[in-house]
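Chain by chain, the residues run as shown.
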Amino acid sequence: MMGISNIVSTIERKYIYKLLKKGKRIDGRELFDIREISIKTNIIPKAEGSADIELGKTRVICGIKYDIGSPFSDSPDEGVATCMAEFVPFASPMFEGGPPTIDSIELARIIDRGIRHGNCIDYKKLCIKKEKYCYILFIDIYIMNYYGNLIDASGVAAIAALISAVIPSAKLTLDETNIEWDGKFMPIPINELPIQITFGKIDDIVFIDPSLPEELIQDGRISFAITESNKISSIQKSGPALWEQDEIIKLSRIAIQKANDLRKKLNLRQYIPKL
Amino acid sequence: MPILLPEKKHEKLILENGKRLDGRDLDEIRPFKCEIGVLSNTDGSAYVEHGGNKIFAGVYGPREVHPKHLGLPDRGVLKVYYRMATFSVHERASPAPNRRALEISKIIEDAITPTLFLELYPDSAIEVYVMVIAASGGTRCASTTAVSLALADAGIPMKTLVAGLAAGKANGKIILDCSDEEDKAGEADIPCVIQMKDEKICLLQFDGDMTPEELDTAISLVKKGAKQIFQKMTEAIHQKFENIQKETELEIEKMIQQQDIDSINNIESTIENETEMKNEYDNIDINKKDFDFNNIDNKKNKLEEFDEEEEDFEQ
Amino acid sequence: MVESNGAQTREIVYPGQVISTDPEKIPGRGTIKENGKILSIFIGIKEEYGKYLNVVPLRGQIYTATVGDKIIGKIIERTPVKWILDINSNVEAILKPSDVMEKEKIETKSKRLSKREEETEIMKLFNVGDVLIVKVISGDRLSTPLLTTIGEGLGKLNDGIVLQIEVPKIPRIIGKQGSMINILKKYTNCKIFVAKNGRIWVRGKTFEYEQLLIEAIYKIEKESHTFKLTDRIEYYLKEEKKKRGLK
């Protein structure tokens with residue numbers, strides 16, 4: 001509340017903690033309330049897909065681009081999708097410009113895993129010719145304003161951009177030596193939409209969707225990616241906090257419930273392109 | 001491998017009816033809109049949409065330079081970092097800045113520096129980050145415009161705002177505000193940014209094939225276009241504060257309706273009485289008067305009770 | 001000024017805008033004179049006071065250290081012999097151990113410690129992250145401000161919360177002869193300290209009252225250029241208290 005920096009004042013730390021002990025958050029939320037989310041898709045004309053997400057004051061823009069390449073040798077009949085995250089310096093005075101920091105790399109990999117193991121993209125349908133040609137999707141996440149919980153915001157941005165994307169469909173040329181456009185467009189083949197749910201922890205108090213002041217003083221966090229079929233598709237424990245086994249299981253159940261509520265509320269399938 | 005749909009190449013940029021590919025006249029500018037104060041963690045920010053360009057600019061500063069030796073002892077340093085998002089262009093760009101981005105950063109710095117009073121901030125830096133999320137011809141000019149707005153939004157004193165656009169030449173004719181296609185396929189590209197207060201040129205580049213007379217025409221066209229952009233910029237600034245004012249007028253009406261009239265009658269509200277904003281800005285190089293025009297009664301302000309420094313803060 | 005529906009609108013100006021060509025007018029704060037014209041250097045509100053023309057900035061500025069100001073600083077660094085504080089300015093400020101406590105207090109506490117031992121003892125009092133109410137004893141825009149906690153009403157804050165608003169809006173929080181701050185205190189029953197560097201310390205009986213006060217402060221910041229603000233804030237506080245069930 002008093003400027004943003006790595007050094008949180010002692011009184012703010014005390015204030016947030018005192019509130020948490022009473023089950024309240026500094027912005028008035030309950031321990032397990034998620035902030036308001038707003039979604040805008042198709043905002044970047046030259047991107048195949050795009051989404052502009054606001055989770056409270058955290059703002060993330062995700063763009064989808066594609067390229068044609070060859071499948072990896074260990075998955076010869078599958079296309080490829082890769083995530084990148086850029087912490088734009090104007091998103092926070094704590095972000096310095098320059099090459100990707102470890103935090104931006106961790107974020108990209110978390111979102112990547114949530115998508116990869118969440119039965120999200122149908123990689124087989126992204127393969128054009130086995131062992132030779134496939135789509136490579138680039139899921140590029142740009143953090144525009146940082147006010148806590150980049151993971152959940154980026155997760156929504158990525159799936160909103162993916163589900164609303166339109167890519168040109170490809171076919172082999174007659175002599176089968178190359179790929180060309182077959183004149184049509186298609187959506188990205190998506191099965192399920194994974195949702196990320198992150199919890200922060202200070203001492204032994206756990207809360208959902210940390211906002212910036214909480215994130216700056218928390219001891220650690222844990223994020224769950226939840227599939228539409230109510231399964232956990234990935235987990236990331238970050239920060240030096242320690243967790244009990246039953247704590248984690250309990251939180252995973254809360255995450256599933258919250259992910260379902262969020263999914264219903266956001267109704268992401270409304271963004272599927274009508275072709 | 002090149003992607004499936006290459007960017008369209010156009011031979012004819014000016015159609016039979018004298019209009020351009022997007023229907024514009026030769027001297028017509030693309031739609032422009034802007035907003036200030038869009039990034040809450042910055043000291044100042046702006047968002048600009050110009051044609052297909054979508055650009056954010058965020059400012060930090062003036063603030064201490066770290067490491068100290070990068071600062072200057074007699075004036076502040078302005079640093080601009082211009083970057084483009086990977087998805088802002090047709091073929092995915094690399095996220096790392098390329099030489100073009102670094103060059104553009106420098107020419108924006110050179111364009112904006114004359115509009116600032118950098119001598120006010122020795123050993124300090126003003127840092128501006130520009131992110132182009134969608135690009136479509138004339139990005140460096142629209143970016144400079146955004147930087148200018150963001151600095152004004154940060155409350156940094158400025159001599160003037162600036163606005164710019166690119167002129168060009170298509171099928172032999174001088175055109176104003178090049179679109180993407182015109183930028184790429186035209187016979188000249190002239191990004192140019194001017195100062196609002198005196199029309200002096202603060203950014204100028206040229207690539208192409210023109211006589212001095214054609215260049216003269218092109219720059220005059222740019223000035224014409226820039227004036228239209230300035231108009232939009234000032235409207236946006238007014239609107240931001242007038243919207244707040246309108247909302248408060250509604251509130252006042254509600255208040256009157258709810259019969260809370262006694263408090264309204266008791267407190268005087270002429271314009272002079274309401275404006276008590278003391279300007280902390282102070283500089284010997286600029287005309288200033290020590291005008292103490294308010295009576296902030298600081299005694300009312302005293303902290304009643306708090307802990308002395310000797311005490312521990314353990315509970 | 002334009003009048004509409006009886007309400008007046010203030011003229012909002014931008015950097016480089018000519019606000020007067022009248023040779024009689026004198027350029028005040030927020031303006032410069034060039035070629036016989038007076039220009040604004042901020043996005044702000046034009047004000048006339050007799051012959052003086054000022055522009056009051058509407059957008060946030062950083063604080064410029066002024067001797068005598070009481071401000072709120074946060075310790076961001078320490079060396080063995082001093083603390084460095086963030087005071088919401090373009091430069092960081094310094095607090096030395098010799099400016100922490102009055103000489104008499106030190107003498108009674110210490111039992112013939114050497115100057116250096118004294119210093120070391122005092123350096124134990126504050127740490128990185130501590131928030132202090134300090135006074136500026138020297139410094140300005142060009143040199144590092146020096147601070148002190150010697151004096152009435154100065155020292156370390158142990159409780160409550162500090163917000164930060166745009167520096168030019170601070171006088172609005174106080175109001176003419178304290179009218180605004182008195183309304184804030186009256187309706188929210190909170191302790192408030194408004195510092196010149198844009199920071200406001202708040203402590204209330206309950207979180208709900210503090211929340212209401214914090215929201216009112218941000219509302220004042222946002223609407224600082226509008227009319228009848230004091231009345232509207234009073235109205236707002238009354239209504240919100242009813243809505244939120246606060247007494």
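Since the structure is predicted, the reported quantities are computational estimates derived from the model, not experimental observations.

Trainee: Before we go on, may I ask you to explain the pairing of strand E7 (residues 37–40) of chain C in this structure?
Mentor: Consecutive residues of a regular strand have side chains that alternate between opposite faces of the sheet. All names here are of chain C. Sheet analysis places strand E4 (residues 18–20) next to E7, joined by two bridges and oriented antiparallel. In the strand pairing of E7, Ser20 is matched with Ile38. Pairing analysis gives four bridges linking strand E6 (residues 31–34) to E7, with the strands arranged antiparallel. When the bridges of E7 are listed, Thr31 appears paired with Ser40.

Trainee: What is the right way to look at the interface of chain B and chain A in this model?
Mentor: Much of the literature gives interface size as the accessible area that the parts lose upon coming together. With 27 residues of chain B at the contact, the number on the chain A side is 34 residues. For the side of chain B that touches chain A, the elements supplying multiple residues, two or more each, are strand E3 (53–64) and strand E5 (124–134) of chain B. In terms of residue count, the dominant contributor to the side of chain B that touches chain A is E5(B) (four residues). Here the side of chain B that touches chain A is built from residues that sort into 17 nonpolar, nine polar and one charged.

Trainee: Which parts of the structure should I look at to understand the packing of helix H5 (residues 207–222) of chain C against helix H6 (residues 229–244) of chain C?
Mentor: The relative placement of two packed helices comes down to the angle between their axes together with the axis-to-axis distance. All names here are of chain C. Put simply, H5 and H6 touch, their axes get as near as 11 Å, and they point 150° apart. Relative to H6, the element H5 lies roughly antiparallel. In the packing of H5 onto H6, the handedness of the crossing is right-handed. The residues of H6 that touch H5, namely those facing Glu208, Leu212, Ala216, Lys219 and Ile220, are Leu229, Ile233, Tyr236, Leu237, Glu240 and Arg244. Class assignment of the residues belonging to the contact of H5 with H6 gives a composition of seven nonpolar, no polar and four charged.

Trainee: I'm lost on the nonpolar core in this one. Help?
Mentor: In summary, soluble globular proteins display a tendency toward joint burial of nonpolar side chains. The biggest cluster of nonpolar side chains holds 220 residues, and the ones touching the most others in it are Val60(A), Ile141(A), Ile143(A), Ala157(A), Val130(B) and Ile200(C). No other element matches helix H3 (residues 150–163) of chain A, which puts eleven residues into this core. Filtering out sequence-adjacent residues up to four positions away, Ile141(A) remains in contact with Val60(A), Cys62(A), Cys83(A), Met84(A), Ala85(A), Glu86(A), Ala108(A), Ile111(A), Ser154(A), Ala157(A) and Ala158(A).

Trainee: What am I meant to see in the confidence of the model for chain C here?
Mentor: In regions of low pLDDT, the predicted coordinates are not meant to be interpreted in detail. All names here are of chain C. Within chain C, residue pLDDT values average 87, and 91% of them lie at 70 or more. The low-confidence segment residues 1–7, where pLDDT is below 50, has nine contacts with residues more than four positions distant or belonging to other chains. In the model output, the complex is listed with pTM 0.89 alongside ipTM 0.94.

Trainee: Which parts of the structure should I look at to understand the sheet that holds strand E16 (residues 161–164) of chain C?
Mentor: Each strand in a sheet pairs with another by means of backbone hydrogen bonds, the pair being arranged parallel or else antiparallel. Residues and elements named next belong to chain C. Spatially, E16-E18-E17 is the arrangement adopted by the three strands of the open sheet, whose pairing is antiparallel. Across the chains shown, the open sheet's two edge strands, defined by having one partner strand only, are E16 and strand E17 (191–194). Between one strand axis and the next, the sheet turns by 20° as a mean value, whatever way the strands run. Two elements, E17 and strand E18 (residues 199–203), share four bridges in a ladder whose sense is antiparallel.

Parameters and conventions
- Residues numbered from 1 in each chain as written.
- Chains lettered and ligands numbered in written order.
- Predicted model: local features only at pLDDT ≥ 70, side-chain atom pairs only at ≥ 80, totals over all residues.
- Pairing = 2+ DSSP bridges.
- Helix = DSSP H or I, 4+ residues; strand = E, 2+ residues; numbered from the N terminus.
- Contact = placed C-beta atoms within 7 Å.
- Nonpolar A, V, L, I, M, F, W, Y, C, P; charged D, E, K, R; others polar.
- Axes fitted to C-alpha atoms, helices over the stretch in contact; angles between N-to-C directions.
- Parallel < 35°, antiparallel > 145°, perpendicular 65-115°, else oblique.
- Left-handed = near helix turned anticlockwise from the far one by under 90°.
- Core = buried A, V, L, I, M, F, W, Y, C linked by C-beta atoms within 7 Å.
- Buried ≥ 20, exposed ≤ 12 C-beta atoms within 10 Å, placed from the backbone.
- pLDDT = per-residue confidence, 0-100.

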